[in-house]
Amino acid sequence: MVPIPKKSEPHQGNRLPVTLLSGFLGSGKTTLLEKILTDPHHGFRIGVIVNDVGALNIDAALLSTHDVTRKEEQVVAMQNGCICCTLRGDLLEEVARLAEDNRVDYLVIESSGVSEPMQVAETFSEEFAEQSVSAGYGLEVDEENEMDKEQRIRLAQILKAGGLSKVARLDTCVTIVDAVNFMQDFATADMLKDRQDDVPEEDDRDISNLQVDQVEFADVVVINKCDLVSGDDVDRVKGTIQKLNPLAKIITSVRASFDLSTILNTHMFSYEKAALSPGWLRSMTEEINPETEEYGIGTFVYRSRRPFHPERLWHLIRNVFVVIQTEYIDEENDGQYGDEGSVDMSEDDDDDDEEDDSNDGEVEDENSDSESEDEQPQLDTKARLASKLADETFGPLLRSKGFLWLASRPSMFGEWSQAGVMLTISGGDLWRCEVPESQLPENQKARAAILRDCQGKWGDRRQEIVFIGQHMRDGGEARLRQALDSCLLDDAEFRDWERAMAAKNRQKVLDRLFSDGFEDWVVEVHEHDGDQGHDHRH
């Protein structure tokens, strides 16, 4: 192997450079770590934080020149809130120790298969330094925290100094995928706990969404085990990754062998770039050439300035996706339907009795009468997967994400996020046209972008969802468009909707017009809330 040229001193500004390595069990992470530790040419004293030191098949004498540590995952709850109210306490301590000891030049962190790389990356980001300081002061006096006092004070000191961004810099986010199983993991109903023993029973994350998270956030994606599949299969994986993350560098490998300079000391990571890199987000802001379809994988953006009929949309998605929603529990009404903006689907249609009892994370299907709430939302996932795969319209769909407009919920947009058979629908925020102009961002570019989205009487309300899938140019896009168009309000319904919007109590009129059995969406009540009869709960 050719020695790695030093782009610059790795300890730039005395901060320890870090490569974050993500991937599922069996993808080749351990093999890659072994190659990093045994390669004599990169010239770095490598520190490695792994989940299982015993899995590394490396001579003990060799390890004496490096620093390999196994740390149990330890999530620290913070009173003041930092990094989504939790911190990886073990990671903070270990990275701070390695940076302070100055015994290693470079650090590689194996993100466990259960981790989402963005959460780990936030720990290193300068954008979160101010929150780290605030969290440190909060942790210092938080005597109710489960940690022992000595550890709590030690972590508080790290946070008060600005967190890991002051002693380490995230250099490269790498995701390694298995060429054999990558496409199959879009065609699975497996949850994470079905595949890994170290996952808590209450963890309800699914394989398809985790795979997408790991690919979309990566600077480099390594397609490993390419010798075990055909060239066409490799191309299909490559095409899918290019659509999911157009900015990522893609490397193909056999037994995780490739030029290590592509993942060590690259200076590639930028939190801002990573947050904006997913293909679905770039597709919303850039023109897509409709003829562009690499390796049979295409993409398009579905847009419309007319709302979906909630009942028709539900009937479209109910049999081809496992629909996951966040349950809103009204303390006064014990979580039952009947709140403003939440009308039982069967209220006006006796044929839909089977949907009555679905008050869980998914508005469920015909089997919901006989199933307990605890078994949902992943009820009969294998049957739902088979239904999706057999469906000519939705079977080839791999990924979709964006926001939607329901006729029954005029003040808030919904968030749509799908990977494989799993579709998550949740409440987003207020449409910007519902926010007083005085409360829009002061930044002129951001304000101008918001105002550009506002068109005509109904402002920025719209459908805008990016779809990524196979056979888009062979009728796939046309079928998806036709299916979604059938859920839009027709002309007569839209006229009724417009009249309802002019009513004194528009929400009650809309509730009478449109059956809506989706879970309630909740947004923090703003001081400017002055809508008559409307309290931002849908």
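Owing to the predicted nature of the structure, the values given are computational and were not obtained by experimental measurement.

Caption draft 1: Geometry of the overall build of the chain. Along the chain, the regular secondary structure elements total 17 helices and 15 strands. Taking all 538 residues of the chain together, the buried fraction comes to 54%. In the chain, 74% of the contacts between residues at least 6 apart in sequence involve partners at least 24 apart. Of the accessible surface of the chain, which amounts to about 23,900 Å², a share of 45% is contributed by carbon and sulfur atoms.

Caption draft 2: Inspection of the sheet that holds strand S13 (residues 412-419) at higher detail. Reading across the sheet, the six strands line up as S10-S15-S12-S13-S14-S11 and stay open at both edges, with mixed pairing between neighbours. Edge positions in the sheet fall to strand S10 (297-304) and strand S11 (322-324), since each of these pairs with one other strand and no more. Along the sheet, successive strands turn relative to each other by an average axial angle of 15°, direction set aside. In terms of strand pairing, strand S12 (residues 397-404) meets strand S15 (residues 463-470) through six bridges, oriented antiparallel. If you follow Arg-399 over to S15, its bridge partner there is Ile-468. Contacting S10, S12 and S15, helix H9 (residues 231-244) runs over the sheet at an angle of about 30° to S10.

Caption draft 3: Just the packing of aromatic side chains, in detail. Applying the stated criterion across every chain, the model contains 14 aromatic pairs. Consider the rings of Phe-217 and Phe-269, whose centres lie 6.1 Å apart with planes at 55°: the pair is tilted. Placement of Phe-217 in the loop between helix H8 (207-216) and strand S8 (220-224) and of Phe-269 in the loop between strand S9 (249-252) and helix H10 (271-276) is noted, with a sequence separation of 52 residues between them. Judged by relative accessible area, which is 3%, Phe-217 ranks as buried. A relative accessible area of 15% means that Phe-269 is categorised as buried.

Caption draft 4: Representation of H8. Summarising burial for H8: nine of the 10 residues are buried, a large majority. For H8, every residue scored as buried is listed here: Ile-207, Ser-208, Asn-209, Leu-210, Gln-211, Val-212, Gln-214, Val-215 and Glu-216. Of the residues that open H8, the one with a side-chain oxygen 3.3 Å from the backbone nitrogen of Ser-208 is Asp-206.

Caption draft 5: Expanded view of unusual backbone geometry. The backbone of Lys-225 sits at a positive phi, close to 65°, despite the residue not being glycine. Counting through the fold element by element, Lys-225 comes out in the loop between S8 and H9. Phi angles above zero are rare outside glycine, and Ala-256 is one such case at about 60°. With relative accessibility at 1%, the residue Ala-256 sits in the buried group.

Caption draft 6: Main features of the confidence of the model for the chain. Per-residue pLDDT for the chain has a mean of 77; in total, 72% of the residues score no lower than 70. In the model, residues 1-8 has pLDDT below 50 throughout and makes 19 contacts with residues more than four positions away in sequence or in other chains. For residues 70-87, every residue scores under 50 in pLDDT, and the model assigns this stretch 49 contacts once sequence neighbours within four places are set aside.

Caption draft 7: Spatial organisation of the nonpolar core. Grouped together as the largest cluster of nonpolar side chains are 32 residues, with contacts concentrated most on Phe-308, Leu-313, Ile-317, Phe-321, Trp-416, Ile-425 and Phe-467. Sorting elements by how many residues they give to this core places helix H12 (residues 310-317) first, with four residues. Discounting chain neighbours no more than four positions away, the residues touching Phe-467 are Gly-298, Thr-299, Phe-300, Tyr-302, Leu-397, Arg-399, Ser-400, Trp-416, Met-472, Leu-480 and Leu-484. Membership of the second largest hydrophobic core comes to 31 residues, among which are Leu-92, Met-147, Ile-158 and Phe-217.

Caption draft 8: Layout of the pairing of S13. Of all eight residues in S13, seven are buried, a share of seventy percent or more. Where S12 and S13 come together, six bridges link them in antiparallel fashion. Residue pairing across strands places Lys-401 opposite Ser-417, the latter belonging to S13. In terms of strand pairing, S13 meets strand S14 (residues 422-430) through seven bridges, oriented antiparallel. If you follow Met-412 over to S14, its bridge partner there is Leu-430. The hairpin turn running from S13 into S14, its antiparallel successor, is two residues long, and Gly-420 in that turn takes a positive phi close to 60°.

Conventions and cut-offs
- Residues numbered from 1 in each chain as written.
- Predicted model: local features only at pLDDT ≥ 70, side-chain atom pairs only at ≥ 80, totals over all residues.
- Heavy atoms only, no water.
- Helix = DSSP H or I, 4+ residues; strand = E, 2+ residues; numbered from the N terminus.
- Buried < 20%, exposed > 50% of the residue type's maximum accessible area, 1.4 Å probe, protein only.
- Contact = heavy atoms within 4.5 Å.
- Areas by Shrake-Rupley, 256 points an atom, 1.4 Å probe, with all protein chains shown as cover.
- Pairing = 2+ DSSP bridges.
- Axes fitted to C-alpha atoms, helices over the stretch in contact; angles between N-to-C directions.
- Phe/Tyr/Trp six-rings, centres within 6.5 Å; stacked < 30°, edge-to-face > 60°.
- Polar contact = N/O pair within 3.5 Å; in protein donor to acceptor, adjacent residues only side chain to side chain.
- pLDDT = per-residue confidence, 0-100.
- Core = buried A, V, L, I, M, F, W, Y, C linked by side-chain atoms within 4.5 Å.

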